[in-house]
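Below are the chains, spelled out letter by letter.
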Amino acid sequence: MTRKIAIYPGSFDPITYGHIDIIKRASLLFDEVIVAVARNLGKTPLFSEEERVGMIEEAIRELPSVRVDSFNGLLVDYARSIGAQAVIRGLRAVSDFEYEFQMALVNRKLDEHMITVFLMPHEKYSYLNSSIVKELARFNGEVSCFVPPHVEKQLLEKMRKK
Ligand code: PNS
């Protein structure tokens, strides 16, 4: 039987408990989940690709069916190159829907076989995103309930250097 492989793509700048919640849910549905860090972002990330990959690696250490990779270019091309059948995206609130819907339809236009699966994180993460976490860290706000300890440490170090 074909192994069901899903890609969970994103900026992960940095990974949060909301992302980890989605990764765990996806790992219950697929044989393999590849967390794919986008290299060619339109925005300038706070963390380098290596730092983002490293923080994810640490966060998924206890999830044997999950691994981390990074990709350049179009998501559908990367998905095809690794034999993934589905793309996972998290939907926190209605406000996410329009952009996510557009992205899912563009990806399906580019590759009709590409299935996007939307998963909802626990509602306690419905207002959480990486930008808010960075903003809090920048002004010494508490982030320990939003990111794992190793990410908090790297955030604080990064902000100290800025
Ligand atoms: O975490 P993000 O920033 O919401 O992730 C967005 C991401 C990286 C998944 C999206 O920008 C993407 O897939 N980029 C790769 C380029 C691509 O395939 N674009 C076409 C889909 S609109």
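Right, let's walk through the structure included here.

So, the site of the ligand
So, point 1. Contacts to the ligand come from 13 residues, most closely from S11, K43, L75, R89 and M103.
So, point 2. Note that an oxygen atom of the ligand is positioned 2.8 Å from one of the backbone N or O atoms of L75.
So, point 3. Within the side chain of R89, an N or O atom sits 2.9 Å from an oxygen atom of the ligand.
So, point 4. Elements with a contribution of two residues or more to the shell around the ligand: β1 (5-10) and α4 (94-110).
So, point 5. Considering each element in turn, the shell around the ligand owes the most residues, 3 residues, to α4.

Let's talk about the sheet that holds strand β3 (residues 66-71)
So, point 1. Across the sheet, 5 strands lie side by side as β3-β2-β1-β4-β5; this open sheet has parallel pairing. The strands lining the two open edges of the sheet, one partner per strand, are β3 and β5 (115-119). Here the average twist between neighbouring strands, direction ignored, is 30 degrees.
So, point 2. With 5 bridges connecting them, strand β4 (residues 86-90) and β5 associate as parallel partners.

Criteria and cut-off values
- Residues numbered from 1 in each chain as written.
- Predicted model: local features only at pLDDT ≥ 70, side-chain atom pairs only at ≥ 80, totals over all residues.
- Heavy atoms only, no water.
- Near = heavy atom within 4 Å.
- Polar contact = N/O pair within 3.5 Å; in protein donor to acceptor, adjacent residues only side chain to side chain.
- Helix = DSSP H or I, 4+ residues; strand = E, 2+ residues; numbered from the N terminus.
- Pairing = 2+ DSSP bridges.
- Axes fitted to C-alpha atoms, helices over the stretch in contact; angles between N-to-C directions.

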